[in-house]
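# Fold and contact review
Residue-level listing of the chains:
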Amino acid sequence: MGKNLRMKSARAAKGLTQQELADRVGVTRQTVSAIEKGDYNPTVRLCVDICRALGVTLNELFWPGEDEQ
Amino acid sequence: MRKCFMGDDGLDERQLLLRGNVYKHSLIVLMALLLIDGFLREEGIVWAQGMWGNVLILWAGMGLAMAEFILRGVLPRSPRQNSVYILLGICGLMLLALGVPHIFLDHAPLIEDGALTTLGAGLIQAAVMIGLCLLFISRWIYDRRQGPED
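Okay, so let's go over this structure. Values in this document were obtained by computation on a predicted structure and should not be read as measured data. (Residues numbered from 1 in each chain as written. Chains lettered and ligands numbered in written order. Predicted model: local features only at pLDDT ≥ 70, side-chain atom pairs only at ≥ 80, totals over all residues.)

## Regarding the overall build of chain A
For chain A, the count of helices and strands is 5 helices and 0 strands. Helices and strands in chain A line up, N terminus first, as α-α-α-α-α. Relative to its length of 69 residues, chain A is compact, with a C-alpha radius of gyration of 11 Å against a globular reference of 11 Å. Its C-alpha atoms give chain A principal-axis dimensions of about 30 × 20 × 20 Å. Every one of the 69 residues in chain A was classed for burial, and the buried ones make up 32%. Long-range contacts, defined as pairs at least 24 residues apart, comprise 56% of the intrachain contacts of chain A with a sequence gap of at least 6. (Helix = DSSP H or I, 4+ residues; strand = E, 2+ residues; numbered from the N terminus. Rg over C-alpha atoms; globule rule 2.2 N^0.38 Å. Buried ≥ 20, exposed ≤ 12 C-beta atoms within 10 Å, placed from the backbone. Contact = placed C-beta atoms within 7 Å.)

Written as structure tokens, this is what we have:
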């Protein structure tokens, strides 16, 4: 699984640190870091909460682009 | 926002997944050690006096699991739930403080007839407890130094 750079940039655009995003969605900072690095595949529930916290849609963050498929 | 990912034990979904793997490792280690212990008993080899063989095997399985929890970051976020590691350290220090004087004052042996004595086994148990506590403190310091971002 590749790095989730879109999530990282969406978080940066919102001005949040990994810790702040983790606190908002109720997980540990290490989990947010693992998702961004592509080391952990989150459940849909967590994906939805991350999208809500970052103000983006699921497609924007988690749907693979043509080059990723 | 709702925080639905933390269970009652304060772990998130990734940590729960890791916890399951750690339990599996611990179970395999326990089974292997019990098998070896059974084989040794069958051969008439007693490596620890009384019940201490079984107690140390339990500590080995449990200690490995706890060490893996700490190293892989399977720790609840609330400090209160992590206080078990500090309590372990305190209990370990108390065991050490109770055992060490016997070595110097009573010259009590740690190994007798090729088997660990109660004192020896107690000190190993204390070392495991203190080791886990130190590992937890190191992890805590490492996490604090890392800050809010990788």
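So much for the structure itself; the text now carries on.
## Some words on the environment of A:Leu61
Residues and elements named next belong to chain A. Turning to its location among the elements, Leu61 is positioned in helix H5 (residues 58-62). Taking the C-alpha atoms as reference points, Leu61 and Ser33, 28 residues apart in sequence, are found 15 Å from one another. The residues touching Leu61, leaving out its near neighbours within four places in the chain, are Arg6, Met7, Ala10, Ile50, Cys51 and Val56.

## What about the interface of chain B and chain A?
In this complex, chain B contributes 14 residues to the contact, which on the side of chain A involves 21 residues. Tallied by class, the residues present in the side of chain B that touches chain A amount to 5 nonpolar, 2 polar and 7 charged. (Nonpolar A, V, L, I, M, F, W, Y, C, P; charged D, E, K, R; others polar.)

## Quick word on helix H1 (residues 5-13) of chain A
Residues and elements named next belong to chain A. Among all positions of H1, only Met7, Ala10 and Arg11 are buried. For H1, the arc enclosing every buried residue in end-on projection is 100°, short of the 170-degree limit, so these residues lie on one face. Exposed residues pointing more than 90 degrees away from the buried face of H1 are listed as Leu5, Ala12 and Ala13. Considering only its buried residues, H1 is in contact with helix H2 (18-25), helix H3 (29-37), helix H4 (44-54) and H5. Phi turns positive one or two residues past the end of H1, at Gly15, with a value near 75°. (Arc of directions from axis to C-beta.)

## Some thoughts on helix H3 (residues 79-105) of chain B
All names here are of chain B. If you check H3, its first and last C-alpha atoms are 39 Å apart, about what 27 residues at 1.5 Å a residue would give, namely 39 Å. Along H3, the helix axis deviates most sharply at Tyr85, where the bend reaches about 25°. Turning to H3, its buried residues number three or more, namely Tyr85, Gly89 and Gly92. The first or second residue beyond H3 is His107, which carries a positive phi of 50°. (Expected span 1.5 Å × (residues − 1). Bend = angle between axes of the 7 residues up to and from the residue.)

## Concerning the environment of B:Leu95
Turning to its location among the elements, B:Leu95 is positioned in helix H3. Beyond its immediate sequence surroundings of up to four residues, B:Leu95 is in contact with B:Gly122, B:Gln125, B:Ala126 and B:Met129.

## Observations concerning the nonpolar core
Formed by 16 residues in total, the largest nonpolar core has its most connected members in B:Met66, B:Phe69, B:Ile70, B:Met129, B:Leu132, B:Cys133 and B:Phe136. Where this core is concerned, the elements lending two or more residues are helix H2 (52-71) and helix H4 (118-146) of chain B. Excluding residues that lie within four positions of it along the chain, B:Phe69 makes contacts with B:Val22, B:Val74 and B:Leu75. Counting 12 residues, the second largest nonpolar core, distinct from the first, contains A:Leu21, A:Ala22, A:Val25 and A:Ile35. (Core = buried A, V, L, I, M, F, W, Y, C linked by C-beta atoms within 7 Å.)

## Here we look at unusual backbone geometry
Residues and elements named next belong to chain B. With a phi angle near 50°, His107 is a residue other than glycine that sits in the positive phi range. Here His107 shows up in the loop between H3 and strand E1 (111-112). Residue His107 is classed as exposed on the basis of its 7 C-beta neighbours within 10 Å. Not every positive phi belongs to a glycine, and Asp113 is a case in point at roughly 50°. Among the structural elements, Asp113 can be located in the loop between E1 and strand E2 (115-116). Asp113 sits in the exposed class, given 8 other C-beta atoms within 10 Å.

## Some remarks on the packing of H2(A) against H3(A)
Residues and elements named next belong to chain A. Where H2 meets H3, the closest approach of the two axes is 8 Å, and the angle between their N-to-C directions is 110°. In terms of their interaxial angle, H2 and H3 are classed as roughly perpendicular. Counting all contacts with H2, which are made through Gln18, Gln19, Leu21 and Ala22, the residues of H3 involved are Arg29, Thr31, Val32 and Ser33. Of the residues that constitute the contact of H2 with H3, the class distribution is 3 nonpolar, 4 polar and 1 charged. (Axes fitted to C-alpha atoms, helices over the stretch in contact; angles between N-to-C directions. Parallel < 35°, antiparallel > 145°, perpendicular 65-115°, else oblique.)

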